[in-house]
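Chains, contacts and geometry: an overview
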Amino acid sequence: MDLIETALAILASGLRLAIPLLCACLAGLYSERSGVVDIGLEGKMLAAAFGATVAALSTGSAYAGLAVGMATAVVLALIHGYAAITQRGNQIVSGMAINMLAAGLTALLGNVWYREGGRTPSLEGAARFNPITLPGTETLADVPVLGPFWRLVVSGHPLPVYLALAAVPLTWFLLYRTRWGLRLRAVGENPAAVDTAGISVPRIRYSAMLATGVLCGLGGTYLAVAQAASFLPHITAGKGFIALAALIFAKWRPVQALGACLLFGLLDAVAIRLQGVALPGIGQVPVQAIQALPYVLTVILLAGFVGRAIPPKAIGVPYVKER
Amino acid sequence: MSAPVTLPRWADLALLPALNVLVAFAVAGLVVLAIGESPLEATALLLRGALGHGEGIGFTLYYTTNFVFAGLAVAVAFHAGLFNIGGEGQAMLGGVGAAMVALAFGTGPGWLVLPLAVLAAAAFGALWAAVPGWLQARRGSHVVITTIMFNFIASALLIYLLVDVFRPPGSMEPSSRLFGPGGKLPFLHELVPGLPKTPLNLSFVLALAASVVIYLLIYRSRLGYAIRTVGANPTAARYGGISPERITIIVMAISGALAGMMAINEILGVQHRLINDFTGGYGFVGIAVALMGRSHPVGILLAALLFGVLYQGGTELAFDKPRITRDMIVVIQGLVILFAGALEFMFKPALARLLGGREG
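One structure accompanies this document, and this report is about it. (Residues numbered from 1 in each chain as written. Chains lettered and ligands numbered in written order. Predicted model: local features only at pLDDT ≥ 70, side-chain atom pairs only at ≥ 80, totals over all residues. Heavy atoms only, no water.)

Residues and elements named next belong to chain A. Here E42 shows up in helix α2 (residues 41-59). Buried charge without a salt bridge: E42, with K239 as the nearest opposite-charge side chain at an N-O distance of 8.0 Å. Here G238 takes part through its backbone nitrogen, which lies 2.8 Å from a polar atom of the side chain of E42. At 2.6 Å, the side chain of E42 forms a polar contact with the backbone nitrogen of G240. Once residues within four sequence positions are removed from consideration, E42 is found in contact with N99, T236, A237, G238, K239, G240 and F241. (Helix = DSSP H or I, 4+ residues; strand = E, 2+ residues; numbered from the N terminus. Buried < 20%, exposed > 50% of the residue type's maximum accessible area, 1.4 Å probe, protein only. Lys, Arg positive; Asp, Glu negative; His and termini not counted. Salt bridge = Lys/Arg side-chain N within 4 Å of Asp/Glu carboxyl O. Polar contact = N/O pair within 3.5 Å; in protein donor to acceptor, adjacent residues only side chain to side chain. Contact = heavy atoms within 4.5 Å.)

Time to look at unusual backbone geometry. Residue and element names in this part refer to chain A. Although it is not a glycine, A229 adopts a positive phi angle of roughly 60°. Within the fold, A229 resides in the loop between α9 (201-228) and α10 (239-249). Located in the positive-phi region is W252, a residue other than glycine, with phi close to 60°.

Here we take up the nonpolar core. Counting 212 residues, the largest nonpolar core has F67, L268, L274, F307 and M328 of chain B as its most contacted members. The leading source of residues in this core is helix α4 (residues 91-114) of chain A, at 13 residues. Listed in part, the 6 residues of the second largest apolar core include V5, L7, A11 and L351 of chain B. (Core = buried A, V, L, I, M, F, W, Y, C linked by side-chain atoms within 4.5 Å.)

Here we come to the side chain of Q333 of chain B. Turning to its location among the elements, Q333 of chain B is positioned in helix α15 (residues 327-342). Among the residues examined, Q333 of chain B registers a relative accessible area of 3% and is labelled buried. In this view, Q333 of chain B contacts M100 of chain A together with V285, A288, F307 and Y311 of chain B; residues no more than four positions away in its chain are not counted.

Residues and elements named next belong to chain B. Here helix α2 (residues 39-51) spans 18 Å end to end across 13 residues, near enough to the 18 Å set by a 1.5 Å rise per residue. Among all positions of α2, only A42, L45, L46, G49 and A50 are buried. All buried residues of α2 lie within an arc of 125° about the axis, which places them on one face of the element. Among the exposed residues of α2, those oriented more than 90 degrees off its buried face are L40 and R48. Where the residues of α2 are buried, they touch α1 (9-34), α3 (54-79) and α14 (297-320). (Expected span 1.5 Å × (residues − 1). Arc of directions from axis to C-beta.)

A cluster of nonpolar side chains, namely L11, V143, L146, F149 and L266 of chain A, defines an oily patch on the protein surface of about 340 Å² accessible area. Judged by its relative accessible area of 41%, L146 of chain A falls in the partly exposed class. (Patch = residues over 30% accessible without salt bridge, like charges linked within 9 Å, V, L, I, M, F, W, Y side chains within 5 Å. Areas by Shrake-Rupley, 256 points an atom, 1.4 Å probe, with all protein chains shown as cover.)

Here we take up helix α11 (residues 244-260) of chain B. Counted at 1.5 Å a residue, the expected span for α11 of chain B with its 17 residues is 24 Å, and the 24 Å between its end C-alpha atoms agrees. A large share of α11 of chain B lies buried, amounting to 13 of its 17 residues.

Turning next to empty space enclosed by the protein. A water-sized probe, rolled over the atoms, reveals where empty space remains. Residues and elements named next belong to chain B. Applying the stated criterion across every chain, the model contains 1 cavity of 30 Å³ or more. Its volume calculated, the largest cavity comes out at about 30 Å³. Around the largest cavity sit P17, N20, V21, L291, M292, R294 and A340, which together line it. For the lining of the largest cavity, the secondary structure elements donating two or more residues are α1 and α13 (282-292). For the lining of the largest cavity, the residue count by class is 5 nonpolar, 1 polar and 1 charged. (1 Å grid on protein atoms, 1.4 Å probe; cavity = no way out; pocket = protein on both sides within 12 Å on 5 of 7 lines; lining within 4 Å. Points joined across faces, edges and corners; volume = space filled by probe spheres on them. Nonpolar A, V, L, I, M, F, W, Y, C, P; charged D, E, K, R; others polar.)

Taken together, the 45 residues of chain A in the interface contact 44 residues of chain B. Both faces combined, the contact of chain A with chain B buries some 3700 Å², and carbon together with sulfur accounts for 79% of it. Contact with chain B buries area across many residues of chain A, yet M100, L108 and Q288 of chain A alone supply 16% of it, more than any other trio. The interface formed by chain A and chain B holds 0 salt bridges in total. Where chain A packs against chain B, one counts 2 residue pairs in polar contact (both at pLDDT 80 or more). For the side of chain A that touches chain B, the secondary structure elements donating two or more residues are α3 (62-86), α4, α10 and α12 (287-302) of chain A. Counting residues per element, the side of chain A that touches chain B draws most heavily on α4 of chain A, which supplies 15 residues. Partitioning the side of chain A that touches chain B into residue classes produces 29 nonpolar, 11 polar and 5 charged. (Buried area = accessible area lost by both parts, 1.4 Å probe.)

Residues and elements named next belong to chain B. Where helix α4 (residues 87-105) meets helix α5 (residues 110-139), the axes come as close as 7 Å, and the angle between the chain directions of the two elements is 150°. Considering the angle they form, α4 stands roughly antiparallel to α5. The two elements α4 and α5 meet at a crossing, and its hand is right-handed. Residue-level inspection shows G89, Q90, L93, G94, V96, G97, A98, M100, V101 and F105 of α4 in contact with α5, the latter providing V113, L116, A117, A120, A121, F124, G125, W128 and A129. (Axes fitted to C-alpha atoms, helices over the stretch in contact; angles between N-to-C directions. Parallel < 35°, antiparallel > 145°, perpendicular 65-115°, else oblique. Left-handed = near helix turned anticlockwise from the far one by under 90°.)

Structure, rendered in C-alpha cells:
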C-alpha cells in the first residue's frame, strides 16, 4: 500500500512538472506547424509568468493574472511574428532575442517594482490558483488503488492543469477537423499552394502566433501563479527548451506531445526522488544523468537512429509571394 | 513589398547596421527612462565605469576577451550558413579539457603545460561541436536544435564532473582544487609592471591573435573560400567540387574550438580551477557580437569591445544606480539581436527612399 502511495505521488508530481512543458509544447506546435520556428517559447513563458504575477498581485485575482499572462505572451509572439512573417527575418535570431528580452526585462522590472532582487511577494488566497478537489474524491476514498489514484493524480490540481490537459484534444480537433487547421498544416508544408488557393499565408501564420502566445501564457501563469505562488527570475529554468525537445519527440503531433511531456515530467519527478538514493543492483544513479536524458533522447531521435522526426517542410523559411 | 530594394554599398555595409544598433540603444534608453532614471546620466556613468580609469579598462578588456572568442565562434559558423547556439556548452567542455591538463600537470613548467591546456580547451570544444556538425551533415538533424540540446547535456555533465569527480574530498563546493603554478595563465599586470591589478590576462592577446587567424582563414585561404561558398550556395559549392557535408563538420569543429577557448580566459586566466557556471551566458552574447560585427573579425572586435564596455560599465552602474541592475545588459543584448539581427532589413525600404535608391 505504501509503495502504491509513493508511486502515485511520483506520478502526480510528474504530471504537475509536465504541465508547463505541455503548454509550451502545444504552443510551439501551432507555430512550427505553420512554418515558423520558435525557440522563444522559454522567453514567452517567462514573460507571461512575470506579467501574470504582477497582475495577480495588484488585482488580487488569479484570473486577472491569467489574462495578463496570456496577453504578455501574445505580444511577444506577435513581435516574433512580425520579424518572421512580415520582415522575413531569421526566425532563430528572433526567438533568441525574445528569450533575452524576457530574461532581462522581467529581472530588471521585478527588482525596480518589488526591490527583492527580482522576486515578487508571495501570492495568497484568491490571487493564486489553488488546488481543486474534484467530486468523487470522498466516495472513492476507500476503494483500493483507484481511491488514492483519484485523490492524488486526477483530483487536487489547480485550474491551469485541467486547462492545459483540455488543450490537447482541442488542439487535435482544431488541427485535424477544422478548415483553419487544414490551412495551418498546409501553410507549414507548402505555403505556395495555400497562396494559390487564395488564402493569405501571413494571416494563417499570424493566427498561429496568437495560439502560441495564449498557450505560452497559460504555461507561464501556471508556473508562477499556481505552482510557485510568486515570480522568481528565470523561473522557467529551460522548460521552454525541454518543450521544444518534446515537440520533436512527438513529431509535431498533439496527442503524442502529451505523451512526450508526461514522459519528460515523470523523468524529472523520478530524478528528484532518486537524489542520493542507491538503486539495488545499479547503485547510485547521478541525478544529472536523468536530467540530461530528455535532451539525449531527442538528439538520438533527431539523428534518426530510432524512428525519424521529420519537421514541417516549410519550417524556418520565410514565405515570399511570387510576383 | 517583396520587391528587392537596392542600397548603395556603403549604406548597406555601414549605415544600415549602424542605424539598427542605434535604434536598439534608443529603445534601451526608453527602458531606462521607464524605470525612472535618466538615460544620459546612466550612459555617462556606464562609460566612466568602463573606460574612466585603468582598472575599469582592464575589466572591460577582460570581458571583451570572452566576447571575441564567442563572437568569432558564431561568425565562423554563420559564414557556412550554420547557426551555432551551442557556444555555452562548448565553452563548458573547453573548461573541462583545460582543467584536466592543468590539474594533471600543474606542477610542470608553464611554457609546456599552458599550450597543452589551451589545445585541450580548443579540442574539447571542437569535439563537442563536431558531433552536432556530423549529425547535421550525415543525418540531417538541424544543428540549431542539436546545439541547444548539447548545451543542456554539457551543463549536466559539468555539474556531474564537479560534484562527483573533480571535487576534492571533504569540500562542499562543487569545484575542482586550485591548479598548480604551471596551470595559471599570467595576468597582464604581472607581465607589464605599472598596470592596475585586474583579471585581464594573456588570453586577451590570444583572442586578438585568433581574430587575425580567423580573418586569414575566412578571407585568404582555400578552406575559407569553400566555407563561404557553402554558406552562399551549397548546390553551387557541390558543383564546384566542394563537399558541403565535409565543410559543415569542419566549420562546426572550428566554431566549437573558438567557443571552447573562452574557457582559457575564465578557467586558466582568472579562476585557476574548474567551477560551475563560469560561462555566464557569454556564449549567447557571441550571437549579438557576431550579428553586430557582421561576422567580420574587425566588426567582431569592435562589437566585443562594446559589449565589454557594457558589462564592466553596467556592473559599476548597478552600484551607483541600484535600480538599473546588470539585467539591463541582457535587455540591451536582446534588443541588439532583435534590431540588428531579426529585423535587419526593417529600415531598408525607408532608407532606400531617402537615399533616392530605386526599387526593382
